[in-house]
Amino acid sequence: MNNQPNAVLNVKGIKCDNEACDYTDPTATLEQMDSYLNKPCPKCGDPLLTPEDHEALLGLIALTEAINELTEEDVVQIAEIAGITEEDLKDSPDYSKVTFKRVGNGQYEPQFNQ
Ligand SMILES: [Zn+2]
């Protein structure tokens, strides 16, 4: 039994959604994200975090928490039900390093950092 979390949500920094604007704040942390909801960009005035993006982020947080509540036995059982063997996992990405890249309003795509 290890104490490593099953999943870590790496959300850091905020970027203005306006494509014509280059405002970013790389220091923004996940804990601060609520404070960015509908907050105007200091550069162009567009919202930094739209309600759709905020919803999506809360979904990712809830999903991460749910995954982390799974015990090692749960994970083994799920893998068995899904027919996943250790052999299948050999070449899989390291899910502890997944980050989510914003691909649209309220839409995120997992990115696997090697
Ligand atoms: Zn902006």
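Residues numbered from 1 in each chain as written. Predicted model: local features only at pLDDT ≥ 70, side-chain atom pairs only at ≥ 80, totals over all residues.

1. Considerations on the overall build of the chain
The secondary structure content of the chain amounts to three helices and four strands. Along its sequence from the N terminus, the chain presents helices and strands in the succession β-β-α-α-α-β-β. In the chain, which comprises 114 residues, the proportion classed as buried is 4%. Put simply, of all contacts in the chain between residues at least 6 apart along the chain, 43% involve residues at least 24 apart. (Helix = DSSP H or I, 4+ residues; strand = E, 2+ residues; numbered from the N terminus. Buried ≥ 20, exposed ≤ 12 C-beta atoms within 10 Å, placed from the backbone. Contact = placed C-beta atoms within 7 Å.)

2. Section: the environment of Y108
Structurally, the position occupied by Y108 is in strand β4 (residues 107-112). C-alpha of Y108 to C-alpha of D53: the two residues are 55 residues apart in sequence and 8.8 Å apart in space. Ignoring sequence-local partners within four residues, the contact set of Y108 consists of A56, L60, F100, K101, R102 and V103.

3. Observations regarding unusual backbone geometry
Positioned with a positive phi, N38 is a non-glycine residue whose angle comes to about 60 degrees. Its location among the elements puts N38 in the loop between β2 (24-29) and α1 (51-68).

4. Observations regarding the environment of E109
Among the secondary structure elements, E109 is positioned in strand β4. Assessed through the 10 C-beta atoms surrounding it within 10 Å, E109 is described here as exposed. Distance from E109 to T99, taken between C-alpha atoms, is 8.3 Å for residues ten residues apart in sequence.

5. What to know about the pairing of β2
With zero of six residues buried, β2 is to be regarded as a mostly surface element. Where strand β1 (residues 12-15) and β2 come together, three bridges link them in antiparallel fashion. Paired with K15 across the two strands is T24, which belongs to β2. (Pairing = 2+ DSSP bridges.)

6. Things to note about the environment of A66
Along the chain, A66 falls in helix α1. Judged by local crowding, A66 falls into the exposed class, with 11 C-beta atoms found within 10 Å. Taking the C-alpha atoms as reference, A66 lies 9.7 Å from N6; in sequence the two are 60 residues apart.

7. Structural notes on helix α2 (residues 72-82)
Since there are 3.6 residues in each turn of an α-helix, residues three or four apart along the chain are aligned in direction. Judged by how many residues are buried, α2 sits mostly at the surface: zero of eleven residues are covered. Phi turns positive, to about 75 degrees, at G83, one or two residues after α2.

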